[in-house]
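# What the coordinates show
Take a look at the letters that make up each chain.
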Amino acid sequence: MTTRQRLSFALRREQLLAVALEEFASRGFHLTQMEHVAAAADVSKALLYQHFVSKEELFAEVTAAVVGEVTRRLNGAVLREEESLERIRAMVREVFDYATEEPHGWVLVVRHLDKPEVGAPLRELRERLGTAFADLLLAHRRADPAMTPAALAANERRVRLLVPMMYGSLLSLVSWWLEHRDTPRTRVESMAVEFIWLGLDRLRSGDRLPPPR
């Protein structure tokens with residue numbers, strides 16, 4: 001017979017959150033059940049419910065931890081740089097780092113970021129990413145004394161529309177690279193930075209496609 005290791009309440013909760021992260025990442029929120037988490041953690045459902053009263057609460061705790069870690073890492077990367085372009089590079093690099101170092105957290109974000117019904121933490125992460133990208137891209141315009149309030153407002157409206165495409169494309173690109181690692185990561189990172197920075201710069205300079213026929 002084997003004796004199951006008895007953990008303190010705090011350590012058991014930490015273990016359950018780690019196991020739940022893997023389950024939610026692999027199955028998704030809707031297909032994951034509490035019995036899946038209990039079985040993967042080798043505990044009873046009753047014990048799991050002592051820590052989390054519902055799947056929704058468990059998912060909220062898991063995603064809050066992921067969002068906190070992603071936010072901490074991105075803030076740290078950005079604060080180490082002074083120029084907007086270097087901050088964009090730092091954010092892109094940190095996203096790649098997180099995806100490679102925390103694969104379950106990455107899959108959780110990618111699977112659920114655009115599913116608002118699964119809870120507030122990931123919606124908050126989406127808003128934080130959007131605000132961070134917009135602030136970096138608008139920094140030069142906001143500091144330009146020649147910019148009129150009307151021109152600045154127009155720039156801000158344009159950036160708010162572009163930002164979801166930018167971070168959505170970045171997440172897709174990182175996921176693609178994780179499956180095609182024969183492509184050098186430095187090359188993929190550079191492409192992401194150029195897409196974000198140069199694409200917006202052409203729009204800001206007035207470059208436009210002709211209207212569709």
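As shown above, the structure is provided for reference.
Note that the structure is predicted; figures quoted are calculated from it, not measured. (Residues numbered from 1 in each chain as written. Predicted model: local features only at pLDDT ≥ 70, side-chain atom pairs only at ≥ 80, totals over all residues. Heavy atoms only, no water.)

## Here's the deal with empty space enclosed by the protein
Rolled over the atoms, a probe with the dimensions of a water molecule shows which regions are left empty. Worth spelling out the cut-off: A cavity here means a set of points on a 1 Å grid, drawn over the protein atoms and nothing else, where a 1.4 Å probe fits but cannot get out; a pocket is an open set with protein on both sides within 12 Å along at least five of seven lines, and a residue lines either one if it has an atom within 4 Å of a point. Grid points are joined across faces, edges and corners, and a volume is the space filled by probe spheres set on the points. By definition, any uninterrupted DSSP run of H or I lasting at least four residues is a helix, any uninterrupted run of E lasting at least two residues is a strand, and each is numbered from the N terminus.
All told, the structure shown has one cavity of 30 Å³ or more when counted by the stated rule. Space inside the largest cavity adds up to approximately 150 Å³. Lining of the largest cavity is provided by 14 residues; of these, Val-70, Val-95, Trp-106, Leu-129 and Leu-171 occupy positions nearest its centre. Elements with a minimum of two residues in the lining of the largest cavity: α4 (55–79), α5 (84–101), α6 (103–112), α7 (120–143) and α8 (149–179).

## A short note on the environment of Ala-192
Selection criterion: Contact definition: two residues touch when any of their heavy atoms are within 4.5 Å.
Its place among the elements puts Ala-192 in helix α9 (residues 185–204). Apart from residues no more than four positions distant in its own chain, Ala-192 is found in contact with Val-92, Leu-170 and Leu-173.

## Examining the pattern of salt bridges
Worth spelling out the cut-off: What makes a salt bridge here is a side-chain nitrogen of Lys or Arg within 4 Å of a carboxyl oxygen of Asp or Glu, nothing more. Burial classes: relative accessible area under 20% of the type maximum marks a residue as buried, over 50% as exposed, and values in between as partly exposed (1.4 Å probe, protein chains only).
Considering all chains together, one arrives at 13 salt bridges under this definition. Glu-101 is paired through a salt bridge with Arg-73; the nearest N and O atoms lie 2.6 Å apart. Taken together, the residues span a long stretch of sequence, with Glu-101 in helix α5 and Arg-73 in helix α4 at a distance of 28 residues. On the accessibility criterion, Glu-101 (47% relative accessible area) is partly exposed. Using a relative accessible area of 12% as the deciding quantity, one classes Arg-73 as buried. Residues Arg-185 and Glu-189 are paired through a salt bridge, measuring 2.4 Å at the closest nitrogen-oxygen approach. Here Arg-185 pairs with Glu-189, and both are found in helix α9, just four residues apart, close to one helical turn.

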